[in-house]
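# An overview of the molecular structure
Single-letter residue listing:
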Amino acid sequence: MKSIFKIKGKNLDDHSYNKLIEICGWKENKDEEYLSILPINHLSNAHTDILSYLQDEEKLKHLKENKSKILIFLTDQGDPRNDKRICDKFGKVVDEYGLSETSISFLTCEAGDYQIPKLSLLEYNFPLTEFYTSNLDTLDLTEQMFKYVSSKKHKRPNKFCCFNGSFKNHRTILFYKLLKNNLIERNSVSYTCYDKFEDGIINKSELIDILGIHDKYVDTMFDLLPYCTDSVLKDANSGVHTYDINIVAHFSSYFNLCTSSGYGGFPYLDDKTYKPILTFQPFIIVGEKNSLETMRKVGFKTFDNWIDESYDSKDDYRERIRLITTEVKRICGMSIEEIDYWYRDMHDILYHNFNHMKKIFDSQVQGKRINKFVDDLFINTKGSYVKIYEGYDE
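Every residue gets a number counted from 1 within its own chain, in the order that chain's sequence is written. Reporting of local features is limited, given that this is a predicted model, to residues whose pLDDT is at least 70; pairs of side-chain atoms are given and counted only at 80 or more, and all residues count toward the totals for whole chains, interfaces and linings. With hydrogens and water stripped out, all remaining heavy atoms of the structure feed into the side-chain values.

### Some details on the overall build of the chain
Filter applied, for reference: Put simply, DSSP H or I for four residues or longer makes a helix, DSSP E for two residues or longer makes a strand, and each gets a number counted from the N terminus. Atoms counted for the radius of gyration: C-alpha only. Globule rule: 2.2 Å times the number of residues to the power 0.38. Partly exposed residues are those whose accessible area sits between 20% and 50% of the maximum for their type, while under 20% is buried and over 50% is exposed, using a 1.4 Å probe and protein chains only. Throughout, a residue-residue contact means that at least one pair of heavy atoms, one from each residue, lies within 4.5 Å. In this tally, Asp and Glu contribute negative charge and Lys and Arg positive charge; neither His nor the terminal groups of the chain are included. Charge positions come from single atoms, namely NZ of Lys, CZ of Arg, CG of Asp or CD of Glu.
Counting its regular elements, the chain contains 17 helices and eleven strands. Its C-alpha atoms give the chain a radius of gyration of 22 Å, near enough to 21 Å, the size a compact globule of 394 residues would have. Within the span of the chain, comprising 394 residues, buried residues form 54% of the whole. Pairs at least 24 residues apart make up 75% of the contacts formed inside the chain by residues separated by at least 6 positions. A gap of 2 Å separates the mean positions of the 53 positive and 61 negative side-chain charges of the chain.

Pasting the structure below:
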């Protein structure tokens, strides 16, 4: 059992810190060897927090003697590799304090696919483990529901579902395109914008700036937002936990148009990506470039025999959304008999993804992976880098 110490700082995420301790089987104490953890949901003050920590001569001495390590645990989207200045700052800390390349490490939720000089890095998508462990009682239910619907000839009322919470550029553009192509009313779509419009007041000028146009569809969108079909709006906007899932709404649709938290950084596969896997749905990801490629590297299967997935490799997020909209229109143009056959044809892949999720996001599997990374930090002096799809079979 690893001995740990929590570093004081700003932007602390105590809930995720406690969850990480549980997953890894760690305890708060300072034994001869210990791990100092800074659990944060934003990088903005991390450098200052670490500098403050290093002012303690005893802790600095332990770092230099390889008796302790610093682990910066990023609990949500945000990666030091998105900003070279942050990487350079931490590299300078390593040089100025005479530390090894394993003295300071990051646990990041994003799949950036390259190392940070003079530091160590584990790509660990914590939100997925959090989502999985928050829905353990749901796994048997959704599997039984899938077996039931697969054995019947019942049709689903919606061709797709698309559930969106916080206000983001890519979600705004997607909602506009779905509205313009008459794809909202016939399907299950929500865009609650709960973080921005809690008082129900929509700023039309911001919609126009994001969309780059002002037409009748923008006016209609202005009147509709916030828009919610999968729950009561006041409940959806009152702090419903992000890992909650409306199982009935998902099983009432053939495929899932899921929007990631971001669209311009490294692939970030959060709970929105894994809700369709939990409910046996094929999916289209409106998010970062190469999101599908990353999922395949992790061991999941995607749906290129049934869905045009060429959008995934496009650099510009607006172009990705344009291609996605075209594909959604094509699929929604199928008759109910055609799309029902289309869906059932993916049965084996849907089951593979469900079982693979259970395998790799089990707490024991993730705990073993993280502990292996941490143990290696105390053995090696050269920087360690474990990619998001590595370390599961050791």
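The rest of the description comes next.
### Quick look at the sheet that holds strand β10 (residues 283–286)
To keep it simple, the criterion reads: A pair of strands is treated as paired once DSSP finds two or more bridges between them. Fitted lines through C-alpha atoms give the axes, limited to the stretch in contact for helices. The angle between two N-to-C directions lies from 0 to 180 degrees.
The four strands are arranged β8-β7-β9-β10 in an open sheet whose pairing can be described as parallel. Each of the sheet's edge strands pairs with one partner strand only, and the pair in question is β8 (188–191) and β10. With strand direction ignored, the average angle separating the axes of adjacent strands in the sheet is 20 degrees. Where strand β7 (residues 158–164) and β8 come together, four bridges link them in parallel fashion.

### What about the nonpolar core?
Quick note on the threshold: For the purposes of this section, nonpolar cores are sets of buried Ala, Val, Leu, Ile, Met, Phe, Trp, Tyr and Cys residues that join through side-chain atoms within 4.5 Å.
Core analysis: the biggest nonpolar cluster contains 74 residues, and Phe 160, Leu 257, Tyr 274, Val 328, Trp 342 and Met 357 have the highest contact counts within it. Of all the elements, helix α14 (residues 317–332) adds the most residues to this core, at seven residues. Contact partners of Phe 160, with chain neighbours within four places excluded, come to Leu 178, Leu 183, Asn 187, Ser 188, Val 189, Ser 253, Tyr 254, Phe 255, Leu 257, Val 328 and Cys 332. Counting 26 residues, the second largest nonpolar core, distinct from the first, contains Ile 70, Cys 87, Leu 99 and Leu 119.

### Quick look at the sheet that holds strand β11 (residues 385–386)
As summarised here, the arrangement of the seven strands in space is β2-β1-β3-β4-β5-β6-β11, forming an open sheet in which the pairing is parallel. On the outer flanks of this sheet lie β2 (27–28) and β11, each paired with one strand and no other. Strand direction decides the pairing type here: strand β6 (residues 120–123) and β11, joined by two bridges, are parallel. Along β11, the bridge assignment pairs Leu 121 with Tyr 385. Strand contacts of helix α1 (residues 14–24): β1 (3–6), β2, β3 (34–40), β4 (68–74) and β5 (104–108), with the helix running at about 175 degrees to β1, the strand carrying the most contacts.

### Looking at the packing of helix α8 (residues 204–211) against helix α9 (residues 216–224)
Short version of the rule: Each angle gets one of four labels, with under 35 degrees taken as roughly parallel, over 145 as roughly antiparallel, 65 to 115 as roughly perpendicular, and the rest as oblique. Handedness of a crossing follows from how the near helix is turned relative to the far one, being left-handed for an anticlockwise turn of less than a right angle and right-handed for a clockwise one. When residues are sorted by character, Ala, Val, Leu, Ile, Met, Phe, Trp, Tyr, Cys and Pro go into the nonpolar class, Asp, Glu, Lys and Arg into the charged class, and all the rest, Gly among them, into the polar class.
Closest axis-to-axis distance for the α8/α9 pair is 10 Å, and the angle between their directions is 135 degrees. As the angle between them shows, α8 and α9 are arranged oblique. In this structure, the crossing between α8 and α9 has a hand that is right-handed. Facing Lys 204, Leu 207, Ile 208 and Leu 211 of α8, the residues of α9 in contact are Val 218, Asp 219, Met 221 and Phe 222. Residues that form the contact of α8 with α9 fall into these classes: six nonpolar, no polar and two charged.

### Some thoughts on the environment of Phe 146
Positionally, Phe 146 belongs in helix α6 (residues 136–151). Phe 146 gets classed as buried once you look at its relative accessible area, which sits at 1%. Sequence separation between Phe 146 and His 347 is 201 residues, and the spatial gap between their C-alpha atoms is 9.5 Å. Excluding residues within four positions of it along the chain, Phe 146 makes contact with Phe 251, Phe 280, Tyr 343, His 347, Leu 350 and Tyr 351.

### What to know about the side chain of His 250
Examined against the element boundaries, His 250 turns out to sit in helix α11 (residues 247–251). On the basis of relative accessibility, which here comes to 3%, the residue His 250 falls in the buried class. Sequence-distant contacts of His 250, that is, excluding residues within four places in its chain, are made with Arg 156, Cys 161, Phe 163, Ile 245, Asn 256, Lys 275, Thr 279 and Gln 281.

### Side note on helix α13 (residues 291–298)
The criterion, for reference: The arc in question is traced by the directions running from the helix axis to the C-beta atoms.
Residues of α13 that are buried: Ser 291, Leu 292, Thr 294, Met 295 and Val 298. Taken around the axis of α13, the buried residues stretch over an arc of 160 degrees, which confines them to a single face. Taken together, the buried residues of α13 touch α12 (271–278), β10 and α16 (347–360). Two residues or fewer after α13 comes Gly 299, characterised by a positive phi angle close to 115 degrees.

### Quick word on the pattern of salt bridges
For clarity, the threshold we go by: Only one rule defines a salt bridge in this text: a Lys or Arg side-chain nitrogen within 4 Å of an Asp or Glu carboxyl oxygen.
A complete count under the given rule lists 21 salt bridges for this structure. A salt bridge links Asp 88 to Lys 84, with the shortest nitrogen-to-oxygen separation between them at 2.8 Å. Of this pair, Asp 88 and Lys 84 both sit in helix α4 (residues 84–96), four residues apart, roughly one helical turn. Accessibility expressed as a relative area gives 60% for Lys 84, which makes it exposed. Among the ionic pairs, Arg 344 bridges to Asp 340, the shortest N-O distance being 2.8 Å. You can see Arg 344 and its partner Asp 340 sitting in helix α15 (residues 336–344), four residues apart, about one turn around the helix. Owing to a relative accessible area of 26%, Arg 344 belongs among the partly exposed residues under this scheme.

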